[in-house]
Every structure is written in C-alpha cells, then in structure tokens.
Amino acid sequence: MWIDSHAHLDAPEFAADRAQVQVQTRAAAVAHCFIPAVERANWDTVRALAHAQGDSYGLGIHPLYVPQAEVADLQALDDALGAQCADPRLVAVGEIGLDFFVPALCSPAMRQKQEFFYHAQLALARKYELPVVLHVRRSADRLLKYLRAVGQGGYRWRGIAHAFNGSDAQAQSFEDMGFKLGFGGGVTFERALQLRRLAQSLPLKSLVLETDAPDIPPHWLYRTAAERAQGLAQGRNTPEQVPRIAQVVAGLRGLDLEQLRSAVWHNTLDALPKIAALV
C-alpha cells in the first residue's frame, strides 16, 4: 500500500465525484492521504473530510492565502490546534511556508507579511509538538532560517518539505532538521533534470511521495497551452497516481518498486508519526 503525503482533496475540482475519487484511490492501493489546509475558511472542511474518508489532515495558513489573512487568524489557529490536538487525525501544522515565486507575493511588504505568518505558525507547531508541512518555492533558505530560530534550544522538527526542488545543500539542511522531501508529478517530466537528479541521488530515507492533487499533474495528465487550445482537456491529478509516480522514481533510482514502497511508507510515518495509528 502507498500513502499520498499531500493531497488537497477538499478542492472544488473534486466536488462532483469526491466519493468516486476515494474509491479509485483505495483501488489503486493508496491506503491513506494527508489533506493540508490552506486558510481558516477550510479548516473545518479538511477536518470533516479526513474523518469521513479515514485520512489525516493539517491546519495552517498557506502563503498564497496570506494576503487576505488577518492577525486574528493566528489566534484562531492557536485555538483550533489546542482544541483538536488530541484528534488522532490532526497530524501536522500545514500547509505553511513561503512563496517567493508568485510576483504578487514578492513585494517587500508581502514578503514581510508572509514571514510574520510563517514564523508565528512555526511557533504554534512547536507549542503543540506537531510536525510541519512546508510550502517551498524559491524560499528554502528563508524557511530554514526560521526553523533554526524557532527551534533554538535543541527542538527536533519533523515534517515534509513539500514539492522540494532545491539544491543538494538545502536538501541536506532540511534532512538534518528532521524533514523528509516530497516528490510528485513534477519528477515524471523528462525535462525536469534537476528534480529528477535529486530524486535519483538523495538518500532513500529522505523521500516521500505525494500528488498535490489536483495540482502538479504528472506528464501523462498534462496538456500544453497549445493542446488545451485545440480542445484537449487537462487531466485531473488524483491520489491514485501515486503508484505510477513511484514507478518513475523507482526507475530513476534503479530500485525494485517494493523496495521503494517500503521505504517511503516508513519515511512518511517518520515525518508524520500520528499516521501510524491510522494505517
């Protein structure tokens, strides 16, 4: 069986057939999905969905939602984590992080607001001793800086650097801090040379698999702008793609698929320990 360590199953793309997606996910031998929150408005939704489907969830404020977030949302997050910390399906604070790729998030004021919310959410993760699921986009060094600052005194982080595509040195720093590195649909593109090299060369103990469904479709679901203009629909990414993504990673590493499955299963449970009691 497989675990999808990052799937936005509450997304509107799944509204029409969410139950069928769940059936297909389990039929594809994906035993469990982690569902991250992105803003205060969907905390109750991801919690209810995780309980209904037998999955797990995180609570947090995604950097893409920081522009409309208010300081009061941080107190609400503190309250929600305090109220739900005994919930076996609440396994992380996330998805949180920094995004220095989207132009609207890169002004000095917006970078400062992102960093304020990220720092505050790290402090809450430490307060409640929960792992962290990180959004990493052109921001690895700043993410690491705040992890070191909030983790002073020997605190041991756990979690996942989702959709990782940084340098070897950054990968090592995340690993040293207790994080696993998430690989998904991006690694299936032959032109993604750096990402594929990382998936091939990083220690096996560092890797987890994810889809980021419905985002980051693998190459067999992706349609170029020209293809879409010709009427070809973009394929919808779902957790059932995990085994096929795994085949690509196993091929890059020259591994038997079962070797990879066993490794990433244990790696995911190491990153998000509360899932062990759910699977």
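Details of the structure are given in the entry above.
Below you will find a few notes about this structure.

Definitions and cut-offs
- Residues numbered from 1 in each chain as written.
- Predicted model: local features only at pLDDT ≥ 70, side-chain atom pairs only at ≥ 80, totals over all residues.
- Heavy atoms only, no water.
- Helix = DSSP H or I, 4+ residues; strand = E, 2+ residues; numbered from the N terminus.
- Contact = heavy atoms within 4.5 Å.
- Polar contact = N/O pair within 3.5 Å; in protein donor to acceptor, adjacent residues only side chain to side chain.
- Buried < 20%, exposed > 50% of the residue type's maximum accessible area, 1.4 Å probe, protein only.
- Core = buried A, V, L, I, M, F, W, Y, C linked by side-chain atoms within 4.5 Å.
- Salt bridge = Lys/Arg side-chain N within 4 Å of Asp/Glu carboxyl O.
- Pairing = 2+ DSSP bridges.
- Axes fitted to C-alpha atoms, helices over the stretch in contact; angles between N-to-C directions.

The residue R137 is located in strand β5 (residues 132-137) in this model. Sequence separation of R137 and Y222 is 85 residues, and the distance between their C-alpha atoms is 21 Å. Filtering out sequence-adjacent residues up to four positions away, R137 remains in contact with L64, L98, D99, F100, F101 and V102. There is a polar contact of 2.8 Å between the side chain of R137 and the side chain of D99.

This part covers the side chain of Q114. Relative to the assigned elements, Q114 resides in helix α4 (residues 108-127). The buried category is assigned to Q114, whose relative accessible area is 0%. Among residues more than four places away in sequence, those in contact with Q114 are P63, V66, G97, L98, D99, F100 and L105.

Membership of the largest hydrophobic core comes to 75 residues, with the highest contact counts inside it found for L59, L147 and F174. Looking at this core, the element that brings in the most residues is helix α9 (residues 242-253), giving seven residues. Setting aside residues no more than four positions away along its own chain, L59 makes contact with A37, W43, V46, R47, L77, A80, L81, L90, A92, V93 and G94. Listed in part, the twelve residues of the second largest apolar core include I3, A92, V133 and L272.

Overall, the coordinates contain eleven salt bridges when judged by the stated rule. R137 is the salt-bridge partner of D99, the closest N and O atoms lying 2.8 Å from each other. Of the two residues, D99 sits in strand β4 (residues 90-99) while R137 sits in strand β5, which places them 38 residues apart along the sequence. Judged by relative accessible area, R137 falls into the partly exposed class, the value being 30%.

Our focus in this paragraph is the sheet that holds strand β7 (residues 179-183). The strands making up a sheet associate through backbone hydrogen bonding, with each pair oriented either parallel or antiparallel. Taken in spatial order, the eight strands make up an open sheet running β1-β2-β3-β4-β5-β6-β7-β8, and their pairing is parallel. Sheet topology places β1 (2-4) and β8 (207-209) at the edges, where each strand pairs with a single neighbour. In this sheet, neighbouring strand axes are inclined to one another by 30 degrees on average, regardless of whether the strands run parallel or antiparallel. The pairing of strand β2 (residues 30-35) with strand β3 (residues 56-59) spans two bridges and is classified as parallel. What sits directly across from I35, in β3, is Y57. α4 contacts β4 and β5 of the sheet and is inclined by roughly 160 degrees relative to β4.

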